[in-house]
Amino acid sequence: MLWADKYKPKSLEDFAGQKKQIEMLKRWYNGWSYGDKALFLHGPPGSGKTTSVYALANDKNLELFELNASDDRNKHQIESLAGSASKQMSLTNRNKIILIDEVDGLSGNKDRGGVSAIIKTVKESKFPVVLTANDPYESKLRSMRRYCEMVDFGKVHLSSMTAFLSKICSEEGVEAERSVLKRIARKNAGDMRSAINDLEAIGRGQDSILKEDLEALGFRSREKEIFEVLKVIFKTRTAKTAKNLAGDSDKDPDELFWWIEQNIPKEYKKQEDVAKAFDEMSKASLFKARIRRRQNWSLMKYYIGLMSAGVALAKDEKYSGFTRYQPPQRLKRYGRSKASRRMMDEIYGKIGNELHVSPSTMKLEYIPLFKWLIRNKGDVEEELGDLFDLTEKELDCIKKF
């Protein structure tokens, strides 16, 4: 189970930060009666909007009916799903709460009927209704706001995030300096879910987390920035916009490539759009190989252009709604392999000092030879260990590298 799910608050009492907002949620629910306004929770991704409703339902033993407005957004869908659920008693005779998630995913004129259907649901519901959005002040939601009480779930405070990350480390048996956890929290700028994902990427299966392990997370830019870059690339229909933003990003081009590759299937819904996007990524990969092989950095513009503008133009039309982008699996694997990489660095230095060669020469020329000898010439392993004072663990690390 992912740590973000494992440590998701099951009760409102378990929330990290957002104390004022949680109190407003509880006060609204306890005082709600038929005909009252809905509660509109708004704020950035990872701030706890949706999770708080789940925790409330768990605390009050409520049946939770959830509808995502980004997926089911026309008038008929909302009325038939949320409208019906808001008027019918639970099959288990429990009280109910209605959650309509990501209402800013409604796309203006195309889904105008969706807004009126949500308003109708709020006015006629026999049960409390909660709405969520990243940006509640879009013009298309103006009429909806009149029927809602607004609660701003701002960014989770740095100290609250750091304390919660420390709690997770304690539960998982991972040692980490507070300064390291604070950097993870600061990097994610109030997004608790993203911070937990980062912590898991470098901490799962490890005994400790060191400052150098943060390199696996690409600390040259904040997590928030990469989400903004992805949003523009996936939403825009202008090649210049996508290419310029990708080129101006502080992200390493290869890491940006991994982020785009990971999230294409999450953003693009049509199979033909996904196919076109990955075709552009395959072309970008060819230029990446040419750059490395020829050391011709003038080709970088084509590499970046194909992965950004090429992917942006692969879709027939812009997809509406909010997409939860996920970090590349490669970065997570990089974090999980840090112990063996650290040991190999020590081996490079230990053998390199004896042979008077650089760590890079050790890695490219000597280690592959030693690895082959250990695997295929059993009697050589002990000799190498004695010659370079290598432990059994170090020899095993070379064998598996």
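Residues numbered from 1 in each chain as written. Predicted model: local features only at pLDDT ≥ 70, side-chain atom pairs only at ≥ 80, totals over all residues. Heavy atoms only, no water.

So, the sheet that holds strand β4 (residues 129-133)
Then, number 1: The five strands are arranged β2-β3-β4-β1-β5 in an open sheet whose pairing can be described as parallel. At either end of the open sheet lies a strand with only one pairing partner, and these are β2 (63-68) and β5 (148-152). Between one strand axis and the next, the sheet turns by 20° as a mean value, whatever way the strands run.
Then, number 2: Pairing geometry for strand β1 (residues 38-42) and β4, over four bridges, is parallel. Along β4, the bridge assignment pairs L39 with V130.
Then, number 3: On the sheet, helix α3 (residues 49-60) packs against β1, β2, β3 (96-101) and β4 and is oriented at approximately 170° with respect to β3. (Pairing = 2+ DSSP bridges. Helix = DSSP H or I, 4+ residues; strand = E, 2+ residues; numbered from the N terminus. Axes fitted to C-alpha atoms, helices over the stretch in contact; angles between N-to-C directions. Contact = heavy atoms within 4.5 Å.)

Considering unusual backbone geometry
Peptide bonds are, in most cases, trans, and in most cases residues other than glycine have a negative phi.
Then, number 1: In this structure, E102 takes a positive phi of about 55° despite not being glycine.
Then, number 2: By the element assignment, E102 lies in the loop between β3 and α5 (112-124).
Then, number 3: The class of E102 is buried, set by a relative accessible area of 7%.
Then, number 4: The backbone of D389 shows a phi angle near 55°, a positive value even though the residue is not glycine.
Then, number 5: Relative to the helices and strands, D389 resides in the loop between α18 (378-388) and α19 (392-400). (Buried < 20%, exposed > 50% of the residue type's maximum accessible area, 1.4 Å probe, protein only.)

What to know about a negative patch on the surface
Then, number 1: A surface patch of like charges, here negative, comprises E354, D379, E382, E383, D386 and D389.
Then, number 2: If one sorts the elements of the negative patch by residue count, α18 sits on top with four residues. (Patch = residues over 30% accessible without salt bridge, like charges linked within 9 Å, V, L, I, M, F, W, Y side chains within 5 Å. Areas by Shrake-Rupley, 256 points an atom, 1.4 Å probe, with all protein chains shown as cover. Salt bridge = Lys/Arg side-chain N within 4 Å of Asp/Glu carboxyl O. Lys, Arg positive; Asp, Glu negative; His and termini not counted. Charge placed at Lys NZ, Arg CZ, Asp CG, Glu CD.)

Quick word on the pattern of salt bridges
Then, number 1: As enumerated under the stated definition, the model contains 14 salt bridges in all.
Then, number 2: Note that E280 and K283 form a salt bridge whose closest N and O atoms lie 3.5 Å from each other. With E280 and K283 both in helix α13 (residues 271-294), this residue pair falls three residues apart, about one helical turn.
Then, number 3: Looking at E280, the relative accessible area reads 17%, which means it is buried.
Then, number 4: Where K350 meets E394, a salt bridge forms, and the shortest distance between an N and an O atom there is 3.0 Å. Placement of K350 in helix α16 (residues 338-355) and of E394 in helix α19 is noted, with a sequence separation of 44 residues between them.

With respect to the pairing of β4
Two faces make up the sheet, and in a regular strand the side chains alternate between them.
Then, number 1: Here β4 lies mainly inside the structure; five of its five residues are buried.
Then, number 2: Residues V129, L131 and A133 point to one face of β4 and V130 and T132 to the other, with burial holding for every one of them.
Then, number 3: Alignment of β3 against β4, held across three bridges, turns out to be parallel. Each bridged residue has a counterpart across the sheet, and for L99 the counterpart in β4 is V130.

Brief notes about the packing of α13 against helix α14 (residues 300-312)
When two helices pack together, their arrangement is captured by the angle between the axes and the distance separating the axes.
Then, number 1: Here α13 crosses α14 at 170°, and the two axes come no closer than 8 Å. Judged on the interaxial angle alone, α14 and α13 are roughly antiparallel. Seen from α13, the contacting residues are A277, E280, M281, K283, A284, F287, K288 and I291; seen from α14, they are M300, Y302, Y303, L306, M307, G310 and V311.
Then, number 2: Considering only residue class, the contact of α13 with α14 consists of 11 nonpolar, one polar and three charged. (Parallel < 35°, antiparallel > 145°, perpendicular 65-115°, else oblique. Nonpolar A, V, L, I, M, F, W, Y, C, P; charged D, E, K, R; others polar.)

Some thoughts on the nonpolar core
Then, number 1: Counting 29 residues, the largest nonpolar core has F234, I260, I264, Y268, M307 and V311 as the members making the most contacts within it.
Then, number 2: Other than its neighbours up to four places away in sequence, V311 contacts I233, F234, I260, I264, Y268, A277, E280, M281 and L306.
Then, number 3: In terms of nonpolar packing, the next biggest core, distinct from the first, is built from 23 residues, I100, A117, A133 and C148 among them. (Core = buried A, V, L, I, M, F, W, Y, C linked by side-chain atoms within 4.5 Å.)

As for the side chain of N263
Then, number 1: Here N263 lies in helix α12 (residues 253-267).
Then, number 2: In this structure the side chain of N263 is engaged in a polar contact, spanning 2.7 Å, whose partner is the backbone nitrogen of Q326.
Then, number 3: With near-sequence residues (within four places) excluded, N263 lies in contact with L230, F234, R324, Y325 and Q326. (Polar contact = N/O pair within 3.5 Å; in protein donor to acceptor, adjacent residues only side chain to side chain.)

Observations regarding the confidence of the model for the protein
Then, number 1: With 89% of its residues at a pLDDT of at least 70, the protein reaches an overall mean of 83.
Then, number 2: Low pLDDT, under 50, characterises residues 220-224; the stretch is placed with 15 contacts to residues that sit more than four places away or in other chains. (pLDDT = per-residue confidence, 0-100.)

What about the environment of M24?
Then, number 1: Structurally, M24 is set in helix α2 (residues 19-31).
Then, number 2: If near-sequence neighbours (up to four positions away) are discounted, M24 is found in contact with M150 and V151.

Things to note about a positive patch on the surface
Then, number 1: Taken together, R178, K182, R183, R186 and K211 make up a surface patch of like positive charges.
Then, number 2: Position of R178 among the secondary structure elements: in helix α8 (residues 178-187).
Then, number 3: On the basis of relative accessibility, which here comes to 52%, the residue R178 falls in the exposed class.

Side note on the packing of aromatic side chains
Then, number 1: In this structure the tally under the stated criterion is nine aromatic pairs.
Then, number 2: Taking 6.3 Å as the distance between ring centres and 25° as the angle between the ring planes, the aromatic pair formed by F227 and Y325 counts as stacked. Of this pair, F227 sits in helix α10 (residues 223-235) while Y325 sits in the loop between α14 and α15 (329-336), and the two are 98 residues apart along the sequence.
Then, number 3: Taking relative accessible area as the criterion, Y325 reaches 9% and is therefore assigned buried.
Then, number 4: Where Y268 meets Y319, the ring centres are 5.6 Å apart and the plane angle is 25°; that geometry is what we call stacked. Of the two residues, Y268 is situated in the loop between α12 and α13 and Y319 in the loop between α14 and α15; the sequence distance between them amounts to 51 residues. Per residue, the accessibility class of Y268 equals that of Y319, and both read buried.
Then, number 5: In textbook terms, an aromatic cluster arises when at least three aromatic residues are bridged by ring pairs, as seen for F227, F234, W259, Y268, Y319 and Y325.
Then, number 6: We note K288 situated over the ring of F257; from NZ or CZ to the ring centre the distance is 5.4 Å.
Then, number 7: Between R290 and the ring centre of F287, over which it is positioned, the NZ or CZ distance is 5.0 Å. (Phe/Tyr/Trp six-rings, centres within 6.5 Å; stacked < 30°, edge-to-face > 60°. Lys NZ or Arg CZ within 6 Å of the ring centre and 35° of its normal.)

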